[in-house]
Amino acid sequence: MTIHGSLFNEFKEKQTQDPFALQNKKLLRIDMRYGEVWARTGSMVAYQGDVRFVNKGSGGIGKMLKAAATGEGVKMMQCSGSGELFVADEASEIQIMYLENDALSVNGANVLAFSNSIQWDIHRIQARGATMTGGLYNVSLRGTGYVAVTTKGDPIALDVASSPTFADAQAVVLWTSGVSMDIRVDTGGLGSMIRGGTGELLQMAFGGQGYVLVQPSESVPQGGHQSGGQTPGGMLGQFMQ
């Protein structure tokens, strides 16, 4: 029998020599010939060749202790072998970057994959006078190698040096090194009109030199993202510079 139509030609695997490449906006192709990678646990959708997976949980004793203390974590798996690995996360858009002795601070919910040469750690973000029931945590990624993150929709990259920059904490995907970040809690006002009238709005204020990436959607944890604010406008010092 013969199958007619463009399906198998239109969606055929793209041939590329890049270690990280987009098969399409929502599917990442990783060439395993370039060495081991870290990928979000459960993100594998397919692979060809001999690819092996080791679930590392939150990655090492130190990171596991942090995850236990904060109630949050970033579950990763270490991938090795040969062939091609395809990863995705609930059909979210994927953005690829190459770090050259640089650093990023990424929302843990947006981390998809990165080269084994990248050093990573989990950092809890806290607001003075506010307890975030769903948690707010970031992953610092440092070194040289590829990084892939997910966004809900096409993001916008804001140059924080050009003007004071503020964003909803649940819409922020990442910021680059050289960017300073403060957290403040706004009770009433604008916050009372957002997400069903929570009465609070957790904002991130950015300064310094670099970019903050914001997605057109809010990753609100189950049950809300904050409660118990006592100090309107409370500020937290720089998280990563």
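Please refer to the structure placed before this passage.
Quantities reported herein were computed from a predicted structural model and do not represent experimental measurements. (Residues numbered from 1 in each chain as written. Predicted model: local features only at pLDDT ≥ 70, side-chain atom pairs only at ≥ 80, totals over all residues. Heavy atoms only, no water.)

Draft legend 1. Summary view of the overall build of the chain. Secondary structure summary: the chain contains two helices and 15 strands in total. Considering the chain as a whole, with its 241 residues, one finds that 45% of them fall into the buried category. Considering only contacts within the chain whose residues lie at least 6 apart along the sequence, 79% involve residues at least 24 apart. (Helix = DSSP H or I, 4+ residues; strand = E, 2+ residues; numbered from the N terminus. Buried < 20%, exposed > 50% of the residue type's maximum accessible area, 1.4 Å probe, protein only. Contact = heavy atoms within 4.5 Å.)

Draft legend 2. Representation of the pattern of salt bridges. According to the stated counting rule, one finds five salt bridges in the structure shown. Salt-bridge contacts for Asp-50 lead to Arg-52; the nearest nitrogen and oxygen are separated by 2.8 Å. Three or more residues joined by partner-sharing salt bridges are found here, namely Glu-13, Arg-29 and Glu-84. (Salt bridge = Lys/Arg side-chain N within 4 Å of Asp/Glu carboxyl O.)

Draft legend 3. Here's a closer look at the nonpolar core. Counting 19 residues, the largest nonpolar core has Met-76, Val-106, Phe-114, Trp-120, Leu-141, Val-147 and Leu-174 as the members making the most contacts within it. Those elements that place two or more of their residues in this core are β6 (93-107), β7 (111-115), β8 (119-124), β9 (137-151) and β12 (172-176). For this core, the element with the highest residue contribution is β9, accounting for five residues. Excluding anything up to four places from it in sequence, Leu-141 contacts Leu-99, Asp-102, Ala-103, Leu-104, Val-106, Phe-114, Ile-118, Gln-119, Trp-120 and Val-147. (Core = buried A, V, L, I, M, F, W, Y, C linked by side-chain atoms within 4.5 Å.)

Draft legend 4. Structural context of unusual backbone geometry. Unlike most non-glycine residues, Glu-90 shows phi in positive territory, near 50°. Positioned with a positive phi, Ala-91 is a non-glycine residue whose angle comes to about 60°. On the secondary structure map, Ala-91 appears in the loop between β5 (76-87) and β6.

Draft legend 5. Inspection of the environment of Ser-80 at higher detail. Take Ser-80: it is sitting in strand β5. On the basis of relative accessibility, which here comes to 17%, the residue Ser-80 falls in the buried class. Between the alpha carbons of Ser-80 and Met-32 there is a distance of 6.8 Å; along the sequence they are 48 residues apart. Not counting chain neighbours up to four residues away, the residues in contact with Ser-80 comprise Met-32, Glu-36, Asp-50, Val-51 and Arg-52.

Draft legend 6. Representation of the packing of aromatic side chains within the structure. Taken as a whole and judged by the stated rule, the model has six aromatic pairs. For the pair Phe-20 and Tyr-146, a centre-to-centre distance of 5.4 Å together with 15° between the ring planes defines the contact as stacked. On the criterion of sequence distance, the pair formed by Phe-20 in strand β1 (residues 20-24) and Tyr-146 in strand β9 is long-range, its members being 126 residues apart. Since its relative accessible area comes to 4%, Phe-20 is described here as buried. (Phe/Tyr/Trp six-rings, centres within 6.5 Å; stacked < 30°, edge-to-face > 60°.)

Draft legend 7. Spotlight on a nonpolar patch on the surface. Residues Ile-3, Leu-7, Phe-8 and Phe-11 make up a contiguous nonpolar surface patch of roughly 500 Å² in combined accessible area. Relative to the assigned elements, Leu-7 resides in helix α1 (residues 7-10). (Patch = residues over 30% accessible without salt bridge, like charges linked within 9 Å, V, L, I, M, F, W, Y side chains within 5 Å. Areas by Shrake-Rupley, 256 points an atom, 1.4 Å probe, with all protein chains shown as cover.)

Draft legend 8. Layout of the environment of Ser-82. Tracing the sequence through the fold places Ser-82 in strand β5. Classification of Ser-82 as partly exposed rests on a relative accessible area of 36%. Spatially, the C-alpha atom of Ser-82 lies 8.7 Å from that of Tyr-34, the residues being 48 residues apart in sequence.

Draft legend 9. Fine view of the side chain of Ser-105. Mapping Ser-105 onto the fold places it in strand β6. Take Ser-105: its relative accessible area is 0%, and that puts it in the buried class. There is a polar contact of 2.8 Å between the side chain of Ser-105 and the side chain of Asn-138. (Polar contact = N/O pair within 3.5 Å; in protein donor to acceptor, adjacent residues only side chain to side chain.)

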